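Analysis of the macromolecular model
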Amino acid sequence: MASELEPEVQAIDRSLLECSAEEIAGKWLQATDLTREVYQHLAHYVPKIYCRGPNPFPQKEDMLAQHVLLGPMEWYLCGEDPAFGFPKLEQANKPSHLCGRVFKVGEPTYSCRDCAVDPTCVLCMECFLGSIHRDHRYRMTTSGGGGFCDCGDTEAWKEGPYCQKHELNTSEIEEEEDPLVHLSEDVIARTYNIFAIMFRYAVEILTWEKESELPADLEIIEKRDTYYCMLFNDEVHTYEQVIYTLQKAVNCTQKEAIGFATTVDRDGRRSVRYGDFQYCEQAKSVIVRNTSRQTKPLKVQVMHSSIVAHQNFGLKLLSWLGSIIGYSDGLRRILCQVGLQEGPDGENSSLVDRLMLNDSKLWKGARSVYHQLFMSSLLMDLKYKKLFAVRFAKNYERLQSDYVTDDHDREFSIADLSVQIFTVPSLARMLITEENLMTIIIKTFMDHLRHRDAQGRFQFERYTALQAFKFRRVQSLILDLKYVLISKPTEWSDDLREKFLEGFDAFLELLKCMQGMDPITRQVGQHIEMEPEWEAAFTLQMKLTHVISMMQDWCALDEKVLIEAYKKCLAVLMQCHGGFTDGEQPITLSICGHSVETIRYCVSQEKVSIHLPVSRLLAGLHVLLSKSEVAYKFPELLPLSELSPPMLIEHPLRCLVLCAQVHAGMWRRNGFSLVNQIYYYHNVKCRREMFDKDIIMLQTGVSMMDPNHFLMIMLSRFELYQIFSTPDYGKRFSSEITHKDVVQQNNTLIEEMLYLIIMLVGERFSPGVGQVNATDEIKREIIHQLSIKPMAHSELVKSLPEDENKETGMESVIEAVAHFKKPGLTGRGMYELKPECAKEFSLYFYHFSRAEQSKAEEAQRKLKRQNREDTALPPPVLPPFCPLFASLVNILQSDVMLCIMRTVLQWAVEHNGYAWSESMLQRVLHLIGMALQEEKQHLDNVTEEHVVTFTFTQKISKPGEAPNNSPSILAMLETLQSAPYLDVHKDMIRWILKTFNAIKKIRESSSTSPVAETEGTIMEESSRDKDKAERKRKAEIARLRREKIMAQMSEMQRHFIDENKELFQQTLELDASTSAVLDNSPMVSDTALTALGPAQTQVPEQRQFVTCILCQEEQEVKVESKAMVLAAFVQRSTVLSKNRSKFIQDPEKYDPLFMHPDLSCGTHTGSCGHIMHAHCWQS
């Protein structure tokens, strides 16, 4: 077939080569209907140049196209030989000060970390090397293709917007100058004519959907029966599937099939068969049949060769337009006018609109070509960039919907141009005010997430593969919202305020759908059967983290906006809570004479969610009210009196209780999905808008309510109220309930609750909570990271949260807190903490994980031992709270807090009678230390007109009230100082007593202070209390000694049994039960025992606890308990056989329990010894 075509092709070549571009252009200049003339020329020649056989000949086609098709256009445009015309245009042109170089895939790009307005502002290598930014901190990346160099764009750079090459062009340029003044009227008219015809032709043919016929004005009479079977790219089928299918469909070799598949993947389409219609249709049916079994079939079209020819030339034409406009800004301006001029059909009828709206229907190669044309024309002309931005925003919803339903990567979608438009500050502001862009983006995003539960919250559970795929694509809208917000406004107009707040309303609706999503209930009795979907919700939270932060940054810049946003957020939060407490039983809590009403709610029994973005946004805005002092300037404009502190704290408190219970092992049966959620909740990627904001919301609540009420509600939510509200409940608890899991759980919950109180008082390094700035916050993060161990730069950066510009702020403060230790021959350079910064270390820093806290404590104690100091790790001196949070410190001296401290210390003093832990005591000592530091600061900073109301030292000097008459906290600390079982904490107790005495001296010496009037009587009472406490302490020590001797033997027995369980399992059953009686029952004399009769002595049975290896639940072995089983393997045994040759005739009827005297065959039962629930084994 090819040999037959060859002479014909050569003949056509000769006839084509005889065409004269100058003559054709002259003919066009004389024409009355230019469009008709040009279309006839294209209709005649395009099919003769392109698509003449099964395989394309690009070089020959391009050469002929330039000679026969593009040449006449260039002659027409210039009015003379283009070899002279284009240089003249170039010379007359005032070159653009924008670089605009479009990046290829893999090309290096540079962004200045000091001067770029946002991370998307990049330079090509040439511009970067010729700019001031090469001496700054910069980031180097490789381009994914599609972006362009921002050199010369004054809105992209804080300073140094021009490189040396483009700076030369700026001296004479006035931005407002019309580039058309450099062109003659004739050239303008001719350019406009030819651009309008050719651009329209290219758009029409590329968006043409018929497969067998051309548009009427391009049809020719002598039409050949030649077709192409055209295979299109998709992102569903693999290379292997396509190669295998092609081999079967078109009977080609594997090498040819690989070539086809590669071209399809690169260009978006490729003809795989050439011939008559029937021949191509046959290949199409085989391809469709072979690829439609599991997924949608590959897209295949049988297209007439003339349509393919015109489409190939259409692409060539768009590339030609892109190169022609490079000669003159005037030509670029004309092409922009042509592209954006509305057609006869009204809205969305311009050529640019038609291309954008058909984007998802075009193949990959066509998309790339016209995207590049848009970038080199519309985005390089500042006037038309604005007009294009408006068209893009108006069609935004449709473009995004097309992208979501399409399967091509975002870099091949017109939607990807959002980064070029939305990151320009002036355009972003204009689109927000004029096109309401923020609201459009958010509503478009929400329209795609229609899967909701009964309460209207997002529901990602049981997502199908298609829904998950769409969700991944929809996330790009969040990126667009981030681009719009990334540059903060310096001036606010009324329109901008109005539209931003409208967008803020839409954003609150989005967060409202997330508030309380993915609720979980504690699994009891049986392990969860199927892990629930949790990743989608956290992915959404992670993507929105920077957007939430930027929303707050925008609100902080304008007082009116901040006040309105605060009101709106509070209203939405109240809607979320509305009806939530209906039907929940109200209860009254009372401790130390204080009582508070709350609702009965158990985190371990009810539904609880880790997603609370509305609460957290309100916490962020509340801090901004304090930071910007709006709360003090305009209190009458704020709804602070309407706030219900118990409502504000309820959900964040539940979330923190959930974390505590997970840590205590109460949610083991809920599987790894919950463990992962808790991990990400504290993780550096999410914590800024999750965990940190929950702490701030609790601080907000405490600062606005009676701290005693807060602590009682907290005890209730931690399910510890009974322990601290009932005298001696702890002793009864430890003696009545010997289930060690429950004891351990309660101990952990008490530790976690005390840790939370430490965080609420100690975490005041957020600007607005404490009187600090952002630099202090970063310093503190770095100090605590380096307290664990010296770290390399990369390691340290990973542990710090990044802002929207991917900056941590580390470089600005690192030299103030650390020394850099250079690497040796091997290894890395390390930052080491400066010794003077060690005093700022807090053992209970809220961003430490459990492992990090343990390592930091060990490292700091080791350091203190090396410096020959005592090993106490006292709480650091903290900055003062801002006025809005100032009352928070009173939690430390509240009656309920003192009751909690006294109770834990009492347990430590009488350490054999109670279930308690050293960690619990350590936290109480830390809290006492914090309170003493706070009082010392208050005394140091007191002025004459103020009275110090923080009197913690006086309160801990007073003994407990009747009926307990427990010793004072101070007396118990002195008792514990000499306790042999608390060696580790002696230094800390010594530091507390030393600080107490220092405060006492300050109070005594400040005779001029207003406090001094009442000080004398207080001190006398204090000394009398101390004498009484001293006597009580000595009596206590004597009693402890007696108890210690009695308890020592029993304690040693317990330890010995625990450590030698295997040994005890081998002893006789009688001995085991006897020892259990001795160990577990009170000592009873022999004379009191009655063996028989109605007065028979009840001897307690040995209680045995076992752990199921499958669900990890511990259970007591009882008749009424769930059945426990062992896995066993029963097999035939001949170990003791006297007749191994004997053969059993009928094994089915053989009874293994009846043994023949020759012991020919027995049974052996073996077990691994692992115990499990019967129902766990069956499931």
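Residues numbered from 1 in each chain as written. Predicted model: local features only at pLDDT ≥ 70, side-chain atom pairs only at ≥ 80, totals over all residues. Heavy atoms only, no water.

1. Considerations on the sheet that holds strand E5 (residues 300–304)
Just so we agree on the cut-off: Two strands pair if DSSP finds at least two bridges between them. A run of H or I in DSSP counts as a helix once it spans at least four residues, and a run of E counts as a strand once it spans at least two, with each numbered from the N terminus. To define axes, lines are fitted to C-alpha atoms, for helices over the stretch in contact only, and angles between the resulting N-to-C directions are given on a 0 to 180 degree scale. The contact criterion used throughout is that any non-hydrogen atoms of two residues lie within 4.5 Å.
Taken in spatial order, the 3 strands make up an open sheet running E4-E3-E5, and their pairing is antiparallel. Of all strands in the sheet, those with a lone pairing partner are strand E4 (269–275) and E5, marking the two edges. Strand-to-strand twist of the sheet, defined as the mean angle between neighbouring strand axes without regard to direction, takes the value 30 degrees. In terms of strand pairing, strand E3 (residues 227–232) meets E5 through 5 bridges, oriented antiparallel. The partner of Cys 229 across the bridge, within E5, is Val 302. Across the sheet, helix H11 (residues 277–291) lies against E3, E4 and E5, angled at about 135 degrees from E4, the strand it touches most. Contacting E3, E4 and E5, helix H12 (residues 305–324) runs over the sheet at an angle of about 95 degrees to E5.

2. Quick word on helix H35 (residues 774–788)
Just so we agree on the cut-off: Helix span is expected to be 1.5 Å times the residue number reduced by one. Burial classes: relative accessible area under 20% of the type maximum marks a residue as buried, over 50% as exposed, and values in between as partly exposed (1.4 Å probe, protein chains only). Counted as a polar contact is a pair of N or O atoms within 3.5 Å, where, for protein atoms, one must be capable of donating a hydrogen and the other of accepting one, and residues adjacent in sequence contribute only when both atoms are in side chains.
Across its 15 residues, H35 extends 22 Å between first and last C-alpha, which sits within 8% of the 21 Å expected from 1.5 Å per residue. Buried within H35 we find Ile 778, Arg 780, Glu 781, Ile 782, Ile 783, His 784, Gln 785, Leu 786, Ser 787 and Ile 788. Elements in contact with the buried residues of H35: helix H34 (740–762), helix H36 (793–798), helix H37 (814–817), strand E8 (818–821), strand E9 (830–833) and helix H38 (850–866). N-cap assignment for H35: the residue whose side-chain oxygen lies 3.1 Å from the backbone N of Thr 775 is Asn 773.

3. Let's talk about a nonpolar patch on the surface
Test applied: Any residue with relative accessible area above 30% and no salt bridge may belong to a patch, with like charges joined within 9 Å and the nonpolar Val, Leu, Ile, Met, Phe, Trp and Tyr side chains within 5 Å. A 1.4 Å probe and the Shrake-Rupley method give the accessible areas. Residues count as covered only by the protein chains that appear here. Each salt bridge in this description consists of a side-chain nitrogen of Lys or Arg and a carboxyl oxygen of Asp or Glu lying within 4 Å of one another.
Together, Val 1135, Leu 1136, Met 1155 and Leu 1159 make up an exposed nonpolar region whose accessible area comes to about 390 Å². Position of Val 1135 relative to the elements: it lies in the loop between strand E12 (1124–1133) and strand E13 (1162–1173). Judged by its relative accessible area of 65%, Val 1135 is exposed.

4. Re the packing of aromatic side chains
The test is simple: Note on aromatic contacts: the rings of Phe and Tyr and the six-membered ring of Trp form a pair at centre separations within 6.5 Å, being stacked when their planes are under 30 degrees apart, edge-to-face when over 60 apart, and tilted otherwise. Two conditions define a charge sitting above a ring: the NZ of Lys or the CZ of Arg must be within 6 Å of the ring centre, and it must be within 35 degrees of the ring normal.
By the definition in use, this model includes 34 aromatic pairs. Between Phe 460 and Phe 471, the ring centres sit 5.0 Å apart and the planes meet at 45 degrees, which makes this aromatic pair tilted. In this pair, Phe 460 sits in the loop between helix H20 (437–448) and helix H21 (465–474) while Phe 471 sits in helix H21, placing the two residues 11 residues apart along the sequence. Members of the aromatic cluster, joined through ring pairs, are Tyr 370, Phe 374, Phe 388, Phe 392, Tyr 396 and Phe 422. The residue whose ring lies beneath Arg 269 is Trp 363, and the NZ or CZ to ring-centre distance is 3.7 Å. Of note, Arg 273 hangs over the ring of Tyr 279, and the distance from its end group to the ring centre comes to 4.1 Å.

5. Observations concerning the side chain of Gln 893
Of note, Gln 893 is situated in the loop between H38 and helix H39 (895–909). At 2.9 Å, the side chain of Gln 893 forms a polar contact with the backbone nitrogen of Thr 951.

6. A look at the nonpolar core
Convention followed: The definition of a nonpolar core used throughout is a set of buried Ala, Val, Leu, Ile, Met, Phe, Trp, Tyr and Cys residues joined through side-chain atoms within 4.5 Å.
In terms of nonpolar packing, the biggest core is built from 286 residues, with Phe 195 and Phe 313 touching the most fellow members. Sequence-distant contacts of Phe 195, that is, excluding residues within four places in its chain, are made with Leu 77, Arg 200, Leu 321, Ile 324, Ile 325, Leu 331, Ile 334, Leu 335 and Val 338. The next biggest cluster of nonpolar side chains, apart from the first, holds 21 residues, and it includes Ile 243, Val 272, Val 286 and Ile 287.

7. Some points on unusual backbone geometry
Of note in this structure, Asp 518 is not a glycine but carries a positive phi near 50 degrees. Looking at the secondary structure, you find Asp 518 in the loop between helix H23 (494–514) and helix H24 (535–556). Given the relative accessible area of 14%, Asp 518 is considered buried. Positioned with a positive phi, Lys 806 is a non-glycine residue whose angle comes to about 60 degrees. Looking at where Lys 806 falls in the secondary structure, it is placed in the loop between H36 and H37. For Lys 806, a relative accessible area of 47% corresponds to the partly exposed category.

8. Some words on the layout of surface pockets
Selection criterion: Throughout, the protein atoms alone are placed on a 1 Å grid, and a set of points is a cavity if a 1.4 Å probe fits but cannot get out or a pocket if it is open with protein on both sides within 12 Å along at least five of seven lines; lining residues have an atom within 4 Å of a point. Grid points are joined across faces, edges and corners, and a volume is the space filled by probe spheres set on the points. Note on residue classes: Ala, Val, Leu, Ile, Met, Phe, Trp, Tyr, Cys and Pro are nonpolar, Asp, Glu, Lys and Arg are charged, and everything else, Gly too, is polar.
If you add up the space inside the second largest pocket, you get close to 1400 Å³. Taken together, the elements giving at least two residues each to the lining of the second largest pocket come down to strand E1 (108–112), strand E2 (138–142), helix H15 (364–376), helix H18 (418–422) and helix H22 (476–485). With 5 residues, H15 is the single largest residue contributor to the lining of the second largest pocket. Its residues assigned to classes, the lining of the second largest pocket comprises 17 nonpolar, 17 polar and 14 charged.

9. Examining the state of the cysteines
Put simply, the rule is: Disulfide: a pair of cysteine sulfur atoms within 2.5 Å of each other.
Enumeration according to the criterion identifies 0 disulfides in this entry. Cys 112 carries a free sulfur, and the closest cysteine sulfur to it, the one in Cys 115, is 3.7 Å from it.

10. With respect to the pattern of salt bridges
The full count for this structure, using the stated rule, is 50 salt bridges. Measuring nitrogen to oxygen at the nearest pair gives 3.3 Å for the salt bridge that ties Arg 410 to Asp 480. Here Asp 480 lies in helix H22 and Arg 410 lies in the loop between helix H17 (396–405) and H18, a separation of 70 residues in the sequence. Under the relative-accessibility criterion, Arg 410 is labelled buried at 13%. Here Asp 694 makes a salt bridge to Arg 616, at a shortest N to O gap of 2.9 Å. One end of the pair, Asp 694, is in helix H30 (residues 691–703); the other, Arg 616, is in helix H26 (residues 613–627), with 78 residues separating them in the sequence. Since its relative accessible area comes to 0%, Asp 694 is described here as buried.

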